[in-house]
There are 2 protein chains.
Amino acid sequence: MITPEKYPSKLLENAVNEFARLPGIGRKSALRLVLHLVRQDKEDVTRLGNALISLRQDIMHCRRCHNLSDTPLCELCSAPSRDNSVVCVVENIRDVMSVENTHQFKGLYHVLGGIISPMDGIAPSDLEIDSLVERTEKENLAEVILALPATMEGDTTNFYIYRKLKGKGVKVTTLARGISFGDELEYTDEITLGRSILNRVEFEQSLGK
Amino acid sequence: MITPEKYPSKLLENAVNEFARLPGIGRKSALRLVLHLVRQDKEDVTRLGNALISLRQDIMHCRRCHNLSDTPLCELCSAPSRDNSVVCVVENIRDVMSVENTHQFKGLYHVLGGIISPMDGIAPSDLEIDSLVERTEKENLAEVILALPATMEGDTTNFYIYRKLKGKGVKVTTLARGISFGDELEYTDEITLGRSILNRVEFEQSLGK
């Protein structure tokens, strides 16, 4: 059934080819998107095309936290209202957005750009770990919060960073593991439930401050 | 849970907004696509953007069959090898591609741009039906094949076109309805099975020519 499709137009074919290179978009979806664009206003499609081009050409990584940014130093790193002494270490920029959306954190970030994963060939040297150690010393940080995924790779990376920072006079903390909001005890796995008993908190503290 | 997301970059936000306007792409998928693009080569992303812009700016509809085309008269309509006396009427350009992929049809097409659907407010005047009637007369067509969807709307449109073309000396045919290749009789609906008995064909003819 894999016959190459015959497109009525080169322009159409090019656009389909380009869309189909994106992850999760097959040729059928690409064609559907392209036919949708053909029916839109010229200005709208031009704006889409230019948004993608200028995104790639002009975006940069913040030289301090390695988050995506429009400026050499990102908005968060240059905001006077943020606490410069606490840094939250995350895997990627999506996680920065997730933590920001909680409105519970007023410090800065450090984006590793991935986590240690021998299976995927990602070694510590591929990540922004050395720059984190350097930054911890240079900026004399009070606390580094490890906010990596609760997976084997996340734990490995947590431990690796913890050993690198040990003895540098910085407090290293990690996100609380426990029962998610709305979860039933019955359906919680034993490791999570066990840890949540070991790490139980004073009831008053659990209400937040 | 609907808090507006805080993006670390305006460029990123713009690109996400533009992608999220496409059908079937939510904000989460848009962000995933955009972060993918940030990691690609500049040339690749520029090519994607330009492919979309020039698609919308330069594509046209064939003045004869209304298919999408790079030229005023499309490739199919201007090919000397095609049979100019038979026209296959389809709903949209995807259906042109579907019929072309069978390699069983050597005539030309007529793209209606939709089918009659009072529910969606699509009237005959919104479609390329008048131009089909005009073309039938002007080009002195021998046969018009109705290849519309096997739905209520498809049947309505078939019937509408049939009445418009009646008495103009053109043979009007429609696609065979029957059991799909690979189908079990047990799971075929009664209407299809019934029709396939009424419209049974000589065994030798069923082998194709």
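Residues numbered from 1 in each chain as written. Chains lettered and ligands numbered in written order. Predicted model: local features only at pLDDT ≥ 70, side-chain atom pairs only at ≥ 80, totals over all residues.

## Some thoughts on the environment of K28 of chain A
Residue and element names in this part refer to chain A. Within the secondary structure, K28 is located in helix α2 (residues 27-38). Its 12 C-beta neighbours within 10 Å are what place K28 among the exposed residues. Separated by 12 residues in sequence, K28 and V16 place their C-alpha atoms 8.8 Å apart. (Helix = DSSP H or I, 4+ residues; strand = E, 2+ residues; numbered from the N terminus. Buried ≥ 20, exposed ≤ 12 C-beta atoms within 10 Å, placed from the backbone.)

## Looking at helix α3 (residues 42-58) of chain B
Turn by turn, an α-helix covers 3.6 residues, leaving residues three or four places apart pointing in a common direction. In this model, α3 of chain B (17 residues) spans 24 Å end to end at C-alpha, consistent with the 24 Å of a helix rising 1.5 Å per residue. The elements touched by buried residues of α3 of chain B are α1 (10-20), α2 and α3 (42-58) of chain A together with α2 (27-38) of chain B. (Expected span 1.5 Å × (residues − 1). Contact = placed C-beta atoms within 7 Å.)

## As for the packing of α3 of chain A against helix α1 (residues 10-20) of chain B
One way to put it is that α3 of chain A packs onto α1 of chain B with a least axis distance of 9 Å and a crossing angle of 150 degrees. Regarding the angle of α3 of chain A to α1 of chain B, the classification is roughly antiparallel. Both α3 of chain A and α1 of chain B take part in a crossing whose hand is left-handed. Facing R47, L48, A51, L52, S54, L55 and D58 of chain A of α3 of chain A, the residues of α1 of chain B in contact are L11, L12, N14, A15 and E18 of chain B. Here the contact of α3 of chain A with α1 of chain B is built from residues that sort into 7 nonpolar, 2 polar and 3 charged. (Axes fitted to C-alpha atoms, helices over the stretch in contact; angles between N-to-C directions. Parallel < 35°, antiparallel > 145°, perpendicular 65-115°, else oblique. Left-handed = near helix turned anticlockwise from the far one by under 90°. Nonpolar A, V, L, I, M, F, W, Y, C, P; charged D, E, K, R; others polar.)

## Examining the confidence of the model for chain A
Predicted confidence across chain A gives a mean pLDDT of 90, with 97% of residues reaching 70 or more. For this predicted complex, the interface confidence score (ipTM) comes to 0.80, while the overall pTM stands at 0.78. (pLDDT = per-residue confidence, 0-100.)

## Observations concerning the interface of chain B and chain A
Facing 49 residues of chain B, the contacting portion of chain A comprises 49 residues. Elements with a contribution of two residues or more to the side of chain B that touches chain A: α1, α2, α3, β2 (68-69), α4 (75-78) and α5 (93-102) of chain B. For the side of chain B that touches chain A, the element with the most residues is α3 of chain B, which contributes 15 residues. The class makeup of the residues in the side of chain B that touches chain A is 25 nonpolar, 12 polar and 12 charged.

## Comments concerning the sheet that holds strand β6 (residues 171-174) of chain A
All names here are of chain A. Spatially, β4-β3-β5-β6 is the arrangement adopted by the 4 strands of the open sheet, whose pairing is parallel. The strands lining the two open edges of the sheet, one partner per strand, are β4 (107-111) and β6. Strand-to-strand twist of the sheet, defined as the mean angle between neighbouring strand axes without regard to direction, takes the value 25 degrees. Inspection of the sheet shows strand β3 (residues 83-90) paired to strand β5 (residues 143-146) by 4 bridges, in the parallel sense. Residue C88 lies in a different strand from β5, and its bridge partner there is I145. Here helix α5 (residues 93-102) sits on the sheet in contact with β3 and β4, set at roughly 125 degrees to β3. (Pairing = 2+ DSSP bridges.)

## Section: α1 of chain B
Here α1 of chain B has its buried residues at L11, L12, A15, V16, E18 and F19 of chain B. The buried residues of α1 of chain B all sit within an arc of 165 degrees when viewed along its axis, so they share a single face. (Arc of directions from axis to C-beta.)

## Structural notes on the pairing of β4 of chain A
All names here are of chain A. When you tally the buried positions in β4, you get 4 out of 5 residues, the bulk of the element. Two strands pair when backbone bridges link them, and β3 and β4 are joined in this way by 5 bridges, in the parallel orientation. For D83, the partnering residue across the bridge sits in β4 and is G107. Each parallel crossover has a hand, and the one from β3 via α5 to β4 is right-handed. (Right-handed = clockwise from strand over helix to strand, strands pointing away.)

## Quick word on the nonpolar core
In summary, soluble globular proteins display a tendency toward joint burial of nonpolar side chains. Residues V89 of chain A together with V89 of chain B are the most contacted members of the largest nonpolar core, which totals 87 residues. If we ignore the near neighbours within four places in the chain, the residues touching V89 of chain B are H110, L112, L132, V144, I145, L146, A147, L148 and I161 of chain B. (Core = buried A, V, L, I, M, F, W, Y, C linked by C-beta atoms within 7 Å.)

## With respect to the domain arrangement of chain A
As assigned here, chain A comprises domain 1 (10-58) and domain 2 (79-175). Taking only C-alpha atoms into account, the centre of domain 1 of chain A sits 36 Å from that of domain 2 of chain A. (Domains from an automatic or database assignment.)

## Some words on the sheet that holds strand β5 (residues 143-146) of chain B
Residues and elements named next belong to chain B. With respect to topology, 4 strands assemble into an open sheet ordered β4-β3-β5-β6, the strand pairing being parallel. Looking at strand neighbours, the two that pair on one side only are β4 (108-111) and β6 (171-174), the edges of this open sheet. Sheet twist, expressed as the mean angle between neighbouring strand axes with direction ignored, is 25 degrees. Docked against the sheet, α5 engages β3 (86-90) and β4, running at close to 130 degrees with respect to β3.

## A short note on the relation of the copies chain B and chain A
Two chain copies, one operation linking them: a rotation about an axis together with a shift along it. With an RMSD of 0.1 Å, the fit of chain B onto chain A corresponds to turning through 180 degrees and sliding 0.1 Å along the axis. Overall, the copies show the geometry of a two-fold rotation axis. In terms of C-alpha distance to the rotation axis, chain B has G49 of chain B as its closest residue, with the C-alpha 2.0 Å off the axis. Most of the interface of chain B is mirrored in chain A, where 100% of its interface residues again form contacts. (Least-squares fit on C-alpha atoms with pLDDT ≥ 70 in both.)

## Structural notes on the packing of α3 of chain A against α3 of chain B
Where α3 of chain A meets α3 of chain B, the axes come as close as 8 Å, and the angle between the chain directions of the two elements is 175 degrees. If you check the angle between α3 of chain A and α3 of chain B, you find them roughly antiparallel. Residue-level inspection shows K42, V45, T46, L48, G49, N50, L52, I53, R56 and Q57 of chain A of α3 of chain A in contact with α3 of chain B, the latter providing K42, V45, T46, L48, G49, N50, L52, I53, R56 and Q57 of chain B. For the contact of α3 of chain A with α3 of chain B, the per-class residue count stands at 8 nonpolar, 8 polar and 4 charged.

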